[in-house]
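# Structure assessment
Given next are the chains, with one letter for each unit.
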Amino acid sequence: MKQELYKKAIAVLDANFQDGGFTIPSAGLYPFQWKWDSGFIAIGFAHYDVEKAKTEMRTLLDSQWGNGFIPHIVFHTDNDSYFPGADFHQSELHPLSSKKYRSTGMTQPPVSGFVLQEMHRIAEDKNDMLNFIKEEIDKVFDNHVYFYENRDPKDEGLVYIYHNWESGTDNSPVWDDIWDTMNPPEYNFVRKDTTHVDASQRPSKREYDHYLYIIDIAKQNNYDDGKIAELSPFLVQDPLFNAMLIKSNQALIELYELIGGNEDKIKTLLQWQAKSIASFNEKLFDVELGAYVHYDLRNEKAIRHITSSSFSPLFANIPSPERAKVLVNTMMDKFGGDDRYLCASFDPTNDRFNPRKYWRGPVWINMNWMLFLGLKNYDFSNVAEQMKKDSIELIERYGFYEYFDCRKDTGNEKPTGYGGNNFSWSAALYIDMVN
Ligand code: 2M8
């Protein structure tokens, strides 16, 4: 471990931690609390400041709505360096939204369950951490109830997302075909992200029109889930989102077993698990591509592209060992090679791949962290080690960036890190990976 860099990682997290008891992903660019960022951040804190780790999760879970929903951004302050902010999202339109915090009316991948388990794994004082978990765990369970009751209209055990921002992989080329089915108005608005980061590394204005339009439809319906399921032009079963839910279900089962009692909840979780895993394997695996893919529920068709999300089921123990082998072959065949770092966010052999643009190709540390653990779990030790080594090398070489070029420096191109710098989850998961 490089001591200096480890100290720098801690400095990044501590500087991004705010008085309100939450951590911003990156100063300027992202000035509020984001749901899945918070989870990864708490894992980093757990290694050196347990109280901050608990505070991070406590604050996030405190933003829960009356129906179990947990929003994707919690607007703790009136900072206007981000668009679209609280006034655009208007979470107050939903009758059960938090009265304490303004937020968005959409969510993000359900990481909280497995984050609590990671915090318990890392904690030296297990009793103290279990006491904390006892206080918070039911909120995560209620969040899963919300998903299964409101986001699974066909009762398949697979939940939908209604906005690309819910996926976390905002401008993935996977959504391009959905944008082709829509024709949103040209909105007039002032972007803030491109004042912090070069526009070539961010989504286009036209993409933002689509993002805002979907929110407008949800708002016209007061963020009512039934109406959204009926009317949203974007309705997708995302393998990453569903894998996170399944991973968190499993974590909740194991944590409830540790706590004792809670038989009813464990029984419900086991039922969800059996159904979700079966449907996931049945519906989202594309035999020809040798990978899991997204399913467009609105237009009733599979979106047949390979992304780093396609491999995330490894993290949640979803594929059989045989299928895991197929997945890893696909990964190494298309995303691997001596001239590349693992793991590009989008298929480098596809025309839509862009190594510098956000979720259209660059390497993301949170995805690599999940893939590393998944590969290790299936005993792909060499690939797992490479995933970890590549992640650490990218950070050592370029810094705690938001995302990284997957191409190795051969002299012609100048690959580097992109997006926000001093990025919290890159620092947090670096801390976890080198520990
Ligand atoms: C990015 O998304 C936000 C919207 O949620 C944005 O571009 O403004 C994504 O990378 C998302 O996954 C992440 O949680 C967020 C904050 O780091 O930034």
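A brief report on the enclosed structure follows. (Residues numbered from 1 in each chain as written. Predicted model: local features only at pLDDT ≥ 70, side-chain atom pairs only at ≥ 80, totals over all residues. Heavy atoms only, no water.)

## Brief notes about the overall build of the protein chain
Heads up, the condition is: Under the DSSP-based scheme used, a helix requires at least four consecutive residues in state H or I and a strand at least two consecutive residues in state E, with every element numbered from the N terminus. Radius of gyration: C-alpha atoms only; globule rule: 2.2 Å multiplied by the number of residues to the exponent 0.38. When accessible area is computed with a 1.4 Å probe and restricted to protein chains, residues below 20% of their type maximum are described as buried, those above 50% as exposed, and intermediate ones as partly exposed. Whether two residues are in contact is decided by their heavy atoms: any pair within 4.5 Å suffices. Shrake-Rupley sampling with a 1.4 Å probe provides the accessible areas, and residues are treated as covered by the protein chains on show and by no other component. Counted as positive: Lys and Arg. Counted as negative: Asp and Glu. His and the chain ends are not counted at all. To locate a charge, take atom NZ for lysine, CZ for arginine, CG for aspartate or CD for glutamate.
For the protein chain, the count of helices and strands is 17 helices and 12 strands. In terms of overall dimensions, the protein chain is globule-like: its C-alpha atoms have a radius of gyration of 20 Å, near the 22 Å expected for 435 residues. If you line up the protein chain on its principal axes, its C-alpha atoms span 55 × 55 × 45 Å. The buried share of the protein chain, reckoned over its 435 residues, is 64%. Considering only contacts in the protein chain between residues 6 or more positions apart, those separated by 24 or more positions represent 71%. Accessible surface, the protein chain: about 16,200 Å² in total, of which carbon and sulfur atoms supply 45%. Taking the average place of the 46 positive charges on the side chains of the protein chain and the average place of its 64 negative ones, the gap between the two points comes to 2 Å.

## A closer look at the sheet that holds strand β9 (residues 294-296)
Worth spelling out the cut-off: The pairing criterion for strands is at least two bridges between them, as found by DSSP.
Within the open sheet, the three strands sit side by side as β6-β9-β10. Their pairing is antiparallel. Each edge of the open sheet is held by one strand with a lone partner, namely β6 (236-237) and β10 (301-303).

## Re the sheet that holds strand β3 (residues 33-34)
Taken together, three strands build an open sheet; the order of strands is β3-β4-β5 and the sheet is antiparallel. The open sheet has two free edges, formed respectively by β3 and β5 (102-103), since each of these has just one partner strand. Of the pairings in the sheet, the one linking β3 to strand β4 (residues 73-75) comprises two bridges and is antiparallel in character. Among the inter-strand pairings, Trp34 is bridged to a residue of β4, identified as Ile73.

## Digging into the environment of Ala344
Relative to the elements of secondary structure, Ala344 occurs in the loop between α14 (321-334) and α15 (365-377). As a C-alpha pair, Ala344 and Thr307 span 37 residues in sequence and 7.7 Å in three-dimensional space. Aside from chain neighbours lying at most four places away, what touches Ala344 is Ser308, Phe335, Phe353, Gly361, Pro362, Val363 and Cys406.

## Structural notes on the packing of helix α5 (residues 112-122) against helix α12 (residues 239-259)
In plain terms, the rule: All axes here are fitted lines through C-alpha atoms, helices being fitted over the stretch that makes contact, and every angle between N-to-C directions spans 0 to 180 degrees. Each angle receives one of four descriptions, namely roughly parallel if under 35 degrees, roughly antiparallel if over 145, roughly perpendicular if within 65 to 115, and oblique otherwise. By convention the crossing between two helices is left-handed if the near helix lies anticlockwise of the far one by an angle smaller than a right angle, and right-handed if it lies clockwise. Asp, Glu, Lys and Arg are counted as charged, while Ala, Val, Leu, Ile, Met, Phe, Trp, Tyr, Cys and Pro are counted as nonpolar; the rest, among them Gly, fall into the polar class.
For the pair α5 and α12, interaxial distance at closest approach is 7 Å and the crossing angle is 50 degrees. Classified by the interaxial angle, the pair formed by α5 and α12 is oblique. As α5 packs across α12, the resulting crossing turns out to be left-handed. Contact residues: α5 offers Ser112, Gly113, Phe114, Leu116, Gln117 and His120, while α12 offers Met244, Lys247, Ser248, Ala251, Leu252, Glu254, Leu255 and Leu258. When its residues are assigned to classes, the contact of α5 with α12 shows seven nonpolar, five polar and two charged.

## Looking at unusual backbone geometry
The omega torsion across Phe83 and Pro84 is -5 degrees, close enough to zero to call that bond cis. A cis amide bond links Leu342 to the next residue, Cys343, at an omega of -5 degrees. Residue position: Cys343 is located in the loop between α14 and α15. A positive phi angle, near 55 degrees, is found at Asn262, a position not held by glycine.

## Some words on the pattern of salt bridges
Cut-off, in case you're wondering: We count a salt bridge whenever a side-chain nitrogen from Lys or Arg sits within 4 Å of a carboxyl oxygen from Asp or Glu.
Taken as a whole, this structure holds 35 salt bridges when the rule is applied. One salt bridge connects Arg102 with Glu92, and the closest N-O pair in it is separated by 3.1 Å. Of the two residues, Arg102 is situated in strand β5 and Glu92 in the loop between α4 (86-89) and β5; the sequence distance between them amounts to 10 residues. Salt bridges sharing partners connect three or more residues here, namely Asp176, Asp177, Glu207, Arg352 and Arg360.

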